[in-house]
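Residue-level structure breakdown
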Amino acid sequence: MVKLAKTAGFCFGVDRAVNLVYELVEKGEKVCTLGPIIHNSQLVADLESKGVKIIDNIEDCPQGYTVVIRTHGVEKSVIDTANSCNTKYVDATCPFVSKIHRIVSQQDDGTVTLIAGDENHPEVKGIRSYCMGKSFVFKNQEELEKILKENNLSEEKSLICVSQTTFSLKEWKKCEKILKKLYTNCRIYSTICNATADRQEEAALLSKEADAVIVIGGRHSSNTCKLRDVCKASADTFLIETADELKNIDLSPYKVIGVTAGASTPSVIIKEVLKTMSEEIIEKEVETTSAVAEQVVETADTADKANKAAVKASADGEATFEEMLEESFREDENSKVVRGTVVNITPTEVFVDVDGRKQTGVIAFDDLSSEPIDKPEDAVSIGDVLDLVIMKTDDSEGVLKLSKKLVDQFKGWEDIVAAKESEEVLEGNVISVVKGGVIVVAKGSRVFVPASLTGVPRGQELDVLKGTTVRFKVIDVNSAKRRAVGSIKVVANEEKKAQQEALWATLEEGQKRTGVVKSLTSYGAFVDIGGMDGMIHISELSWNRIKHPSEIVNVGDTVEVTIKALDEENKKISLGFKKIEDNPWEILKRDYPVGSTCKAKIVSLASFGAFANIIPGIDGLIHISQISWDRIKTPADVLSVGDEVDVKIIDIDFDKKRVSLSMKELIEKPEEVITALTDEEPAEETADAAQEAEAEDAE
């Protein structure tokens with residue numbers, strides 16, 4: 001049995017860079033890359049065959065060429081040189097690498113940066129070039145301990161640590177433990193790429209389940225070599241670059257073989273390896289850890305037979321569609337497939353001149369296209385040369401009844417089968433809702449998508465998809481019956497994951513984002529900030545105490561939030577919503593200084609005084625001695641809850657969040673005032689303590 005890792009192959013950053021180069025080439029631009037675009041000789045050779053040049057220095061860029069910066073980035077001086085020389089370039093640096101550049105460049109020149117990685121790797125060289133202060137590189141626990149010991153970094157006030165995106169996750173955890181133990185002031189940024197971490201963790205698990213592991217990728221690829229090292233700890237491991245290298249490996253002693261691949265390994269090479277293993281070595285079932293479905297790697301003969309399945313489509317049922325196609329261009333009266341030129345178009349029919357035939361050819365509207373069309377002109381134009389199937393010969397009228405739709409379906413079916421093998425993303429139109437799912441037409445063929453794979457939430461009507469264009473993958477084909485099953489959901493999930501990975505690489509604590517409220521719970525609000533949801537805790541929604549988030553926001557609201565914390569391991573985002581300018585204590589400081597007067601509402605009474613609300617969120621204490629110039633026994637003698645009174649702010653303690661108020665200071669003082677305190681009158685210290693307890697309770 002062969003187990004294929006679901007994370008095998010291109011990561012987000014590599015896929016983005018490779019596609020970028022191919023897109024530039026397809027646009028007709030002259031392209032060169034600063035070094036090989038990825039560490040894969042086969043893909044690099046394919047690009048060279050398309051005219052892509054490789055240069056070692058930015059100054060070597062030929063006139064009229066566009067330089068593509070590789071995924072792992074370059075040193076800052078390279079970008080500076082390109083800008084100063086007006087060299088046209090496209091930066092394909094992985095967003096996860098760019099994030100490390102931002103982290104180190106935002107430090108001051110007094111900050112020491114520790115970098116986990118290979119000091120000779122281009123990515124690490126690029127990171128160091130953005131460091132403002134001293135930097136040190138270590139590749140394992142021993143080198144880190146040596147750096148810490150020889151450089152006495154405990155005296156440094158500012159110390160940070162980052163890692164190469166492809167650094168060993170196992171080694172990183174060891175180094176992180178040392179730093180946390182010895183240097184509590186060190187700010188540690190876990191910058192290992194999510195895809196790298198997932199790939200290494202899955203490889204470790206795979207190697208424990210298998211007797212041997214095949215690692216596919218370039219021998220100069222950092223992440224591929226680390227996968228090999230991870231697997232070697234638990235199983236016999238072989239690193240190969242192409243399927244041809246399998247002939248030098250004897251896999252017969254192994255019952256279970258795991259297969260994984262580096263981030264710079266194209267899917268076509270992975271498939272060639274699996275196919276070779278099934279044909280020449282073990283000819284056993286290939287099981288994948290993918291959540292989509294189990295996959296069988298077919299032999300070339302089986303796949304060829306599947307692609308050439310016969311389909312009954314002739315008018316009299318005596319010839320298969322395949323046979324008719326073989327006859328299609330013979331100048332023979334018995335041909336069932338003919339070629340014709342469109343000469344006239346009506347609202348219901350298309351007329352053609354058929355090569356080698358005297359009869360007039362007619363294509364009915366229903367036989368024009370498998371795709372939904374409103375009028376014949378949507379499918380053909382006058383002068384078009386078409387391959388057509390003879391449906392019926394009407395000698396009495398001297399016409400041939402033809403079908404373009406059947407030809408399109410046959411040709412399209414081959415594309416459907418090929419799309420399943422290559423995992424190509426197709427586009428099609430949803431033409432109908434049927435029991436258990438929907439029918440999508442793509443390349444002239446009908447593909448059934450089960451309700452569970454449409455991406456429509458359970459309980460919601462599938463009619464929302466009817467008439468729309470969708471992107472999907474073919475996950476199963478039955479060539480004998482010409483039936484195909486597709487999944488819209490798997491494409492949506494892949495695109496969402498790629499979008500989330502790209503977004504996550506740009507997120508930083510303290511960053512402001514605009515989002516849309518997606519849902520509310522009793523403890524907070526969930527906000528979509530562009531492909532990922534973050535949560536605003538209820539305590540972060542308002543400076544005042546609230547019972548439910550709906551008092552502040554509603555589902556569908558557009559809000560501005562601040563990223564408070566990022567949990568990379570669990571992919572959780574904590575958001576803040578409260579604005580500092582709305583803090584009632586800031587408003588008090590700005591608008592109500594000591595000595596100012598205002599109206600306040602009595603909210604509670606105590607034996608030592610009355611609490612009055614000044615502004616929403618802040619209550620002040622009117623001590624019993626500050627209520628009146630006359631001696632009173634209790635505040636209730638002159639005040640009631642709900643009364644509005646004029647007060648003067650006589651003291652504010654912002655640290656303890658206390659405000660002292662006075663009513664009597666706004667009243668003219670009598671000529672004689674008895675100032676001695678009676679035993680019944682509480683001391684100021686007692687009142688202060690009570691105010692503090694009351695304030696804490698209010699908070």
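Just above sits the structure.
The text that follows walks through the structure, step by step, so that each part is easy to find. (Residues numbered from 1 in each chain as written. Predicted model: local features only at pLDDT ≥ 70, side-chain atom pairs only at ≥ 80, totals over all residues. Heavy atoms only, no water.)

Overview of the nonpolar core
One finds V21, I37, V68, I529, I573 and L575 to be the most contacted residues of the largest nonpolar core, which totals 44 residues. Put simply, the parts of the chain that give this core at least two residues each are α1 (12-26), α2 (41-49), α4 (95-105), α14 (488-504), β25 (524-528), β27 (558-567) and β28 (572-576). Residues contacting I529, with those up to four places away along its chain left out, are L503, L507, R513, T514, G515, V561, I573 and L575. Within the second largest apolar cluster, 23 residues are counted, among which are Y65, I79, I100 and I160. (Core = buried A, V, L, I, M, F, W, Y, C linked by side-chain atoms within 4.5 Å. Buried < 20%, exposed > 50% of the residue type's maximum accessible area, 1.4 Å probe, protein only. Helix = DSSP H or I, 4+ residues; strand = E, 2+ residues; numbered from the N terminus. Contact = heavy atoms within 4.5 Å.)

Concerning the packing of helix α6 (residues 141-151) against helix α7 (residues 169-182)
Contact geometry for α6 and α7: axes closest at 9 Å, N-to-C directions at 25 degrees. Judged by the inter-axis angle, α6 sits roughly parallel to α7. For the pair α6 and α7, the crossing hand works out as right-handed. Between α6 and α7, the contacting residues are Q141, L144, E145 and L148 on the first element and E171, K174, C175, I178, L179 and L182 on the second. Its residues placed into classes, the contact of α6 with α7 shows six nonpolar, one polar and three charged. (Axes fitted to C-alpha atoms, helices over the stretch in contact; angles between N-to-C directions. Parallel < 35°, antiparallel > 145°, perpendicular 65-115°, else oblique. Left-handed = near helix turned anticlockwise from the far one by under 90°. Nonpolar A, V, L, I, M, F, W, Y, C, P; charged D, E, K, R; others polar.)

Remarks on helix α15 (residues 584-591)
For α15, the set of buried residues is P584, W585 and L588. Angular distribution of buried residues about the axis of α15 spans 100 degrees; they occupy a single face of the element. Next to the buried residues of α15 lie β30 (609-615), β31 (618-623), β32 (644-653) and β33 (658-662). (Arc of directions from axis to C-beta.)

Structural notes on the packing of α1 against α2
At a minimum axis distance of 11 Å, the contact between α1 and α2 shows a crossing angle of 15 degrees. By the angle between their directions, the pair α1 and α2 is classed as roughly parallel. The two elements α1 and α2 cross, and the hand of that crossing is left-handed. Here V18, V21 and Y22 of α1 lie close against α2, whose contacting residues are L43, D46 and L47. A per-class count over the contact of α1 with α2 returns five nonpolar, no polar and one charged.

Examining the pairing of strand β4 (residues 66-69)
Going residue by residue along β4, you find T66 and V68 tucked away on one face and V67 and I69 tucked away on the opposite face as well. For strand β2 (residues 31-34) and β4, the ladder comprises three bridges, and the chain directions are parallel. Note that in β4 the partner of C32 across the bridge is V67. Both β4 and strand β5 (residues 89-91) contribute to a ladder of three bridges, which runs parallel. (Pairing = 2+ DSSP bridges.)

Details of the packing of aromatic side chains
Counted according to the given criterion, the structure contains four aromatic pairs. With 6.5 Å between their ring centres and 85 degrees between their planes, Y523 and F526 make a pair best called edge-to-face. Each ring, one from F608 and one from F611, has its centre 6.2 Å from the other, and the planes form 90 degrees; the classification is edge-to-face. Positioned above the aromatic ring of W504, the side-chain terminus of K571 is 5.0 Å from the ring centre. Above the ring of F654, the side-chain terminus of K589 is found at 5.1 Å from the ring centroid. (Phe/Tyr/Trp six-rings, centres within 6.5 Å; stacked < 30°, edge-to-face > 60°. Lys NZ or Arg CZ within 6 Å of the ring centre and 35° of its normal.)

Points about the sheet that holds β32
Ordered in space as β29-β30-β31-β33-β32, the five strands form a closed barrel in which the pairing is mixed. Geometrically, the sheet is characterised by an average inter-axis angle of 50 degrees between neighbouring strands, direction not taken into account. Bridge analysis of β31 against β33 gives two bridges, and the strand direction is parallel. Across the sheet, L621 pairs through a bridge with S660, a residue of β33. Along the sheet, α15 makes contact with β30, β31, β32 and β33, crossing β30 at roughly 85 degrees.

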